[in-house]
Amino acid sequence: MVQSKISGAINFVLVFTLLIGLVGRVSAHGILLSPTPRLPYGQNATDVIAKVSNPTKEFPCGIAGDSPGPVTTYKPGEKILIAYNRTITHGGDCLMQISRYGDKYDKDFKTFENLGPCGMEKGLFTAFVEVPYDECDNEDCVMRFRWDDDAGNNYLYCVNVRIKKYPDCWDSKRRRSTGTTRRALKN
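Residues numbered from 1 in each chain as written. Predicted model: local features only at pLDDT ≥ 70, side-chain atom pairs only at ≥ 80, totals over all residues. Heavy atoms only, no water.

Caption draft 1: Layout of the sheet that holds strand S3 (residues 79–86). Pairing is antiparallel in the open sheet, where 3 strands are placed in the order S1-S3-S6. Edge positions in the sheet fall to strand S1 (30–34) and strand S6 (123–130), since each of these pairs with one other strand and no more. The average undirected angle you get between the axes of adjacent strands in this sheet is 25°. Examined bridge by bridge, S1 and S3 share 4 bridges and lie antiparallel to one another. Across the sheet, Ser34 pairs through a bridge with Ala83, a residue of S3. (Pairing = 2+ DSSP bridges. Helix = DSSP H or I, 4+ residues; strand = E, 2+ residues; numbered from the N terminus. Axes fitted to C-alpha atoms, helices over the stretch in contact; angles between N-to-C directions.)

This is the structure:
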């Protein structure tokens, strides 16, 4: 199904508004809203959001761990929105990190953007970051938002990603090879 840009923008605004309202009511400290993080399975969305918005000692991906989540494809150098809602003020730097080797070890995550202090005020923190230029086109590619606050707490959110220069390259090659095969069969 192909979605128009206008329809996609309207859906994004509606979902974003809903999340902001819900997060404002249930989050204990903060939650990553964009890009879409992994979330643990749960029956009640309020409980899930409350759990992931608390500090964690579970490295490298927080309470969501290796839960499945959507895979978002980016192009190298693309600017993406980071949106994090905070309900406390603890100070501390926020980082965007990436691992090309999965999420088993904290040491595999390398910082590609230091967002600076992001816990100084309550409310929505937003920034645009540039996706790393190195391609990461495998199922082990994980991007992580990390906030280490001044009170010694950690907030970790992992996002499943692919970084590809030509996202539709494989489909394009497949269509050409399928077309060639059909021509060969006709002759």
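Moving on from the coordinates now.
Caption draft 2: Quick look at the environment of Arg162. With respect to the helices, strands and loops of the structure, Arg162 is situated in strand S8 (residues 154–163). Of the residues examined, Arg162 reaches a relative accessible area of 27% and is grouped as partly exposed. For the pair Arg162 and Val71, spaced 91 residues apart in sequence, the C-alpha separation works out to 7.0 Å. What Arg162 contacts, discounting residues up to four positions off in sequence, is Val71, Thr72, Thr73, Tyr74, Cys136, Asp137, Asn138 and Glu139. (Buried < 20%, exposed > 50% of the residue type's maximum accessible area, 1.4 Å probe, protein only. Contact = heavy atoms within 4.5 Å.)

Caption draft 3: View of the nonpolar core. Counting residues in each nonpolar core, the largest one holds 30 residues, and the members touching the most others are Ile82, Tyr84, Leu115, Phe145, Trp147 and Tyr157. For this core, the secondary-structure elements that each account for two or more residues are S1, helix H2 (45–52), S3, strand S4 (92–99), S6, strand S7 (142–149) and S8. Broken down by element, this core gets its largest block of residues, 5 residues, from S8. Those residues in contact with Ile82 that sit more than four places away from it in its chain are Leu32, Ser34, Pro35, Met96, Leu115, Phe125, Thr126, Ala127, Val129 and Phe145. (Core = buried A, V, L, I, M, F, W, Y, C linked by side-chain atoms within 4.5 Å.)

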